[in-house]
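# Structural features, examined
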Amino acid sequence: RASSFFSIAVGVQLTAIQTLSVFRTLTLTWVEPLNTILRTTELVTFNLGIVRTACLFGSDPVFEFASRQLTPILCVPVIVVVLFWRHRQDRELNLARETCNAVGTVFSAFYIGLLKSCLAPFVCYQHPEDHGA
């Protein structure tokens, strides 16, 4: 029961943080400390620029997009390894069911960030010279 409660609480908090990150995309001037709070939410929405990946891998937009999309998918092997280790400790654990539940919880928790990242290439901004960008 405690682990279920913890999973639900973390999922609700991640959803709230990701919802806050959507407000950051609005073209408003945010005052401090709200600006700092909204800027820190970018990590949960797979904005890998906040951890400066361009310093390591260069500034390639395709790589940045692919890494944002693959981040939740790369969580799946970690979940499988952790659950397999747990299965070795407790043989009554249904590994397939627990894996599906854990992966579903991760994807549910990161849904807003994943969707925001997925739609990012389709966002157009007004160019200063009236050209679409």
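What the protein chain contains, in helices and strands, is 6 helices and 0 strands. Scanning the protein chain from its N terminus toward the C terminus, one meets helices and strands in the order α-α-α-α-α-α. With 133 residues in all, the protein chain has 21% of them scored as buried. Long-range contacts, defined as pairs at least 24 residues apart, comprise 53% of the intrachain contacts of the protein chain with a sequence gap of at least 6. For the protein chain, the accessible surface area stands at approximately 9900 Å², while carbon and sulfur atoms represent 68% of it.

Let us now look at the packing of helix H4 (residues 61-89) against helix H5 (residues 95-109). In contact at an axis separation of 10 Å, H4 and H5 are set at 145° when each is read in the N-to-C sense. Handedness of the crossing formed by H4 with H5: right-handed. Together, Pro72, Ile73, Cys75, Val76, Ile79, Val80, Leu83, Phe84, Arg86 and His87 of H4 and Leu95, Glu98, Thr99, Ala102, Val103, Val106 and Phe107 of H5 make up the contact between the two elements. Here the contact of H4 with H5 is built from residues that sort into 13 nonpolar, 2 polar and 2 charged.

Attention now goes to H5. Working note: α-helix, 3.6 residues per turn, so residues spaced by three or four point in the same direction. Look at H5: 21 Å from first C-alpha to last across 15 residues, which is about the 21 Å you get at 1.5 Å a residue. Of the residues making up H5, those classed as buried are Thr99, Val103, Val106 and Ala109. Viewed along the axis of H5, the buried residues span an arc of 130°, placing them on a single side of the element. Exposed positions of H5 whose direction lies more than 90 degrees from the buried face are Cys100 and Ser108. Two or three places before alanine 96, at the start of H5, stands the capping residue asparagine 94, its side-chain oxygen 3.4 Å from that residue's backbone nitrogen.

In this section: the nonpolar core. In this structure, Leu14, Ile79, Leu83, Val103, Val106, Ala109 and Phe110 together form the largest nonpolar core, which totals 7 residues. Only H4 and H5 provide two or more residues apiece to this core. Sequence-distant contacts of leucine 83, defined by excluding residues within four places in its chain, comprise Leu93, Leu95, Glu98, Thr99 and Ala102.

Along the polypeptide, glutamate 98 turns up in helix H5. Taking the C-alpha atoms as reference, glutamate 98 lies 9.9 Å from phenylalanine 84; in sequence the two are 14 residues apart.

Counting all residues, the mean pLDDT for the protein chain is 76, and 80% of those residues have values of 70 or more. The secondary-structure element of the protein chain with the lowest mean pLDDT is helix H3 (residues 53-57), recorded at 65, while H4 shows the highest, at 83.

A grouping of Leu20, Phe23, Leu26, Leu28, Val31, Leu34 and Ile37 is seen on the molecular surface, where their side chains present a nonpolar patch of about 610 Å² in accessible area. Where the nonpolar patch is concerned, the elements lending two or more residues are helix H1 (2-24) and helix H2 (34-40). Along the chain, isoleucine 37 falls in helix H2. Assessed through its relative accessible area of 42%, isoleucine 37 is described here as partly exposed.

Where H4 meets helix H6 (residues 111-119), the axes come as close as 10 Å, and the angle between the chain directions of the two elements is 155°. Judged by the inter-axis angle, H4 sits roughly antiparallel to H6. Regarding H4 and H6, the two cross each other, and that crossing is left-handed. Contacts between H4 and H6 involve Phe65, Arg68, Gln69 and Pro72 from the former and Leu114, Ser117 and Cys118 from the latter.

What counts and how
- Every chain's residues receive numbers from 1 upward, in the order its sequence appears when written.
- pLDDT decides what is reported in this predicted model: residues at 70 or higher carry local features, side-chain atom pairs at 80 or more are listed and counted, and totals for whole chains, interfaces and linings draw on all residues regardless.
- Heavy atoms from the whole structure form the basis of all side-chain values; hydrogens and water molecules are not counted.
- Secondary structure is summarised from DSSP: a helix means a run of H or I of at least four residues, a strand means a run of E of at least two, and numbering begins at the N terminus for each.
- The cut-offs for exposure are 20% and 50% of the maximum accessible area for each residue type, with area from a 1.4 Å probe on protein chains only; residues under the lower value are buried, those over the upper are exposed, and the others partly exposed.
- By definition, residues are in contact when any of their heavy atoms lie within 4.5 Å.
- Using a 1.4 Å probe, the Shrake-Rupley method yields the accessible areas, and only the shown protein chains count as cover for residues.
- For helices, the axis comes from a line fit to the C-alpha atoms of the stretch in contact; other axes are also lines fit to C-alpha atoms, and the angle between any two N-to-C directions lies between 0 and 180 degrees.
- Handedness of a crossing is defined here by the sense of rotation of the near helix relative to the far one, left-handed for an anticlockwise turn of less than a right angle and right-handed for a clockwise turn.
- Under the convention adopted here, Pro, Cys and the residues Ala, Val, Leu, Ile, Met, Phe, Trp and Tyr are nonpolar, Asp, Glu, Lys and Arg are charged, and Gly plus all remaining residues are polar.
- To estimate the expected span of a helix, count its residues, drop one, and scale the result by 1.5 Å.
- In this context, the arc is that of the directions from the helix axis out to the C-beta atoms.
- Side-chain atoms alone can form a polar contact between residues adjacent in sequence; in general such a contact is a pair of N or O atoms within 3.5 Å, and within protein one must be able to donate a hydrogen while the other accepts it.
- Among buried residues, the Ala, Val, Leu, Ile, Met, Phe, Trp, Tyr and Cys ones that are joined through side-chain atoms within 4.5 Å form a nonpolar core.
- Values of pLDDT, the confidence the predictor places in each residue, fall between 0 and 100.
- Note on patches: the residues involved have over 30% relative accessible area and no salt bridge, like charges join within 9 Å, and the nonpolar side chains Val, Leu, Ile, Met, Phe, Trp and Tyr join within 5 Å.
- Think of a salt bridge as a Lys or Arg side-chain nitrogen and an Asp or Glu carboxyl oxygen that are within 4 Å of each other.
- Roughly parallel refers to an angle under 35 degrees, roughly antiparallel to one over 145, roughly perpendicular to one between 65 and 115, and oblique to any angle outside these ranges.

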